[in-house]
Amino acid sequence: SSNQLTEAVFECLPANINKVDLQNNQIANVPKGITELHSLQELNLASNRLADLPGCRAFTGLEILNIERNLILTPSADFFETCPSVKELQAGQNPFKCSCELQDFLRLERQSGGKLSGWPEAYVCKYPEDLSGTQLKDFRLTELACNTTLLLVTALLLTLVLVAVVAFPCIYLDVPWYVRMLWQWTQTKRRAWHDCPE
């Protein structure tokens, strides 16, 4: 820890290592092509520059992961699927962006049975500014706001209803005839006003 190491450090780790403390370095991601560390049980990546949760494809035996104080805005929702053996995830004190992408992660967290260490105090929205300071457990968005397909279908249905509401009076109450008559009347009045002798 505290050695200005980058992600290249993962190429140097022995395959049988079971605990690694890499906190307070310059690690921006966990490279995809690293040697599989099957014996690794605990990985500490706190206070680095990670922008997302690392997957566990190379760490199949990982049980404890610490990624506190990184740069994670919206954690990947597939983390819990790729890391089934993780018993404890410490991901608090990150600048979380409360948006639709975060909803999927929160839903999976609820289903995971409390694997997030420090929940809910250490998990607070940083962005957008109007939600800054809101705990993630209190953050909610409607399904309509996050589902583009549902939003489009709703807008289309509302448009069709509006067209039907406007078309009904036009067809059944002779509104077009009244509009034409009003137009003719205003044209006649205008001509009469212009043709009036001084």
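Think of each chain on its own: its residues are numbered from 1, step by step along the sequence as written. Whole-chain, interface and lining totals are the exception, using all residues; otherwise, since this is a predicted model, local features are given only for residues with pLDDT of at least 70 and side-chain atom pairs are given and counted only at 80 or more. Note that the side-chain values use all heavy atoms of the structure and ignore hydrogens as well as water.

Turning next to the overall build of the chain. Only DSSP runs of H or I reaching four residues or more are called helices, and only runs of E reaching two or more are called strands; each is numbered from the N terminus. Across its full length, the chain carries five helices and six strands. Partly exposed describes any residue whose relative accessible area lies between the buried limit of under 20% and the exposed limit of over 50%, with all areas from a 1.4 Å probe on protein chains only and scaled to the type maximum. For the chain, with 198 residues in total, the buried portion stands at 29%. It only takes one pair of heavy atoms within 4.5 Å for two residues to be counted as in contact. Counting contacts in the chain only where the partners sit at least 6 residues apart, residues at least 24 apart contribute 40% of the total. Surface exposure of the chain reaches about 12600 Å², of which carbon and sulfur atoms provide 57%. For the charge count, each Lys or Arg is scored as positive and each Asp or Glu as negative, with His and the chain ends excluded. Charge placement uses NZ in Lys and CZ in Arg. For Asp and Glu, CG and CD serve respectively. Looking at the chain, you have 17 positive and 22 negative side-chain charges, and the mean spots of the two groups are 7 Å apart. Surface exposure here means Shrake-Rupley accessible area, sampled with a 1.4 Å probe, where a residue is shielded only by the protein chains that are shown.

Another aspect to go through is the environment of T74. In this structure, T74 sits in the loop between β3 (64-66) and α1 (79-82). It is 70 Å that separates the C-alpha atoms of T74 and A192, two residues lying 118 residues apart in sequence. Those residues within four positions of T74 in sequence are excluded, and the remaining contacts are D52, K97, S99, E101 and L102.

Two strands are said to pair when DSSP picks up at least two bridges between them. In spatial order, the strands read β1-β2-β3-β4; together these four strands make up an open sheet with parallel pairing. Looking along the sheet, the strands with just one partner apiece sit at the ends: β1 (19-21) and β4 (88-90). The average angle at which neighbouring strand axes cross in this sheet is 5°, direction not considered. Bridge analysis of β3 against β4 gives three bridges, and the strand direction is parallel. Across the sheet, N66 pairs through a bridge with Q90, a residue of β4. For every element, the axis is a line fit to its C-alpha atoms; helices are fit only across the contacting stretch, and the angle between N-to-C directions ranges from 0 to 180 degrees.

Read these as spatial facts, not as claims about activity.
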